[in-house]
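Understanding the architecture of this molecule
Given next are the chains, with one letter for each unit.
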Amino acid sequence: MSERPGRPLPPVGDAGSTVVRFPGRSARQRRAARWAIGAGVAALLALVAWILFFSPVLAVDRVSVTGTRLVDRADVERRLEPLRGEPLPRIGTGRVEGLLADVPGIAEVRSVAQPPTGVEVVVREETPVARKEAGDGVDVLLADGSVLSGIADEAPGVGALPSMADPLPGGDLALIHI
């Protein structure tokens, strides 16, 4: 105990003393208290991890797609349907890239979390280099060599592309019909 200035405490154990000295916690009690606090902190961290990564509290219910001009947005959104219901912290750009890996015309994708339950997928398309008139719209040759078919002539940037008179290379294997 500390002394107050100006008034000394009476010595412990004197016959007229009213101060009673209580024994401190034993080493066993201190160790048990540390273990209990540690267990409480671990349980709290486990609960937070479960809420973030496994519970439906942060389940994705909105997936928005931006950056598509030539690639069919509806096809991209359909391919991203497996993201709905997944907890937001478990969705990353790698997962989105995996879902859109075989879509022709996409150069890069990035996912941006929109808490608490939304994801925005930003698409960067391959650069279009040429166009060819087709019966159901326009075929567009992209910088990576793939061809997108059935693109509307009014699509942004398509009208300014140089026109090709010859058939586009790639045959049926590189065509995607939208």
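Residues numbered from 1 in each chain as written. Predicted model: local features only at pLDDT ≥ 70, side-chain atom pairs only at ≥ 80, totals over all residues. Heavy atoms only, no water.

**Brief notes about the pairing of strand β3 (residues 118-125)**
- Most of β3 sits out of view: six of its eight residues are buried.
- Summarising the sheet, strand β1 (residues 62-66) and β3 pair through five bridges and their orientation is parallel. Looking at β3, one finds that Ser64 is bridged to Glu120.
- Pairing geometry for strand β2 (residues 106-114) and β3, over eight bridges, is antiparallel. Paired with Val109 across the two strands is Val123, which belongs to β3.
- The loop that links β2 with its antiparallel partner β3 comprises three residues. (Buried < 20%, exposed > 50% of the residue type's maximum accessible area, 1.4 Å probe, protein only. Helix = DSSP H or I, 4+ residues; strand = E, 2+ residues; numbered from the N terminus. Pairing = 2+ DSSP bridges.)

**Some remarks on the nonpolar core**
- If you look at the biggest cluster of nonpolar residues, it comprises 26 residues, and the most contacted ones within it are Leu70, Leu80, Val96, Leu100, Ile106, Val121 and Val140.
- Mapped by element, the contributors of at least two residues to this core are β1, β2, β3, β5 (137-142) and β6 (147-151). (Core = buried A, V, L, I, M, F, W, Y, C linked by side-chain atoms within 4.5 Å.)

**Examining the confidence of the model for the chain**
- In this model, the chain carries a mean pLDDT of 82, and residues with pLDDT of at least 70 account for 82%.
- Predicted confidence for residues 171-178 stays below pLDDT 50, and this span has 13 contacts to residues more than four positions away or in other chains. (pLDDT = per-residue confidence, 0-100. Contact = heavy atoms within 4.5 Å.)

**Considering the environment of Thr66**
- Its place among the elements puts Thr66 in strand β1.
- Owing to a relative accessible area of 28%, Thr66 belongs among the partly exposed residues under this scheme.
- Through-space distance from the C-alpha of Thr66 to that of Glu120 is 7.4 Å; in sequence the pair is 54 residues apart.
- Leave out the neighbours within four places in its chain, and Thr66 touches Arg73, Glu120, Val121, Val122 and Val123.

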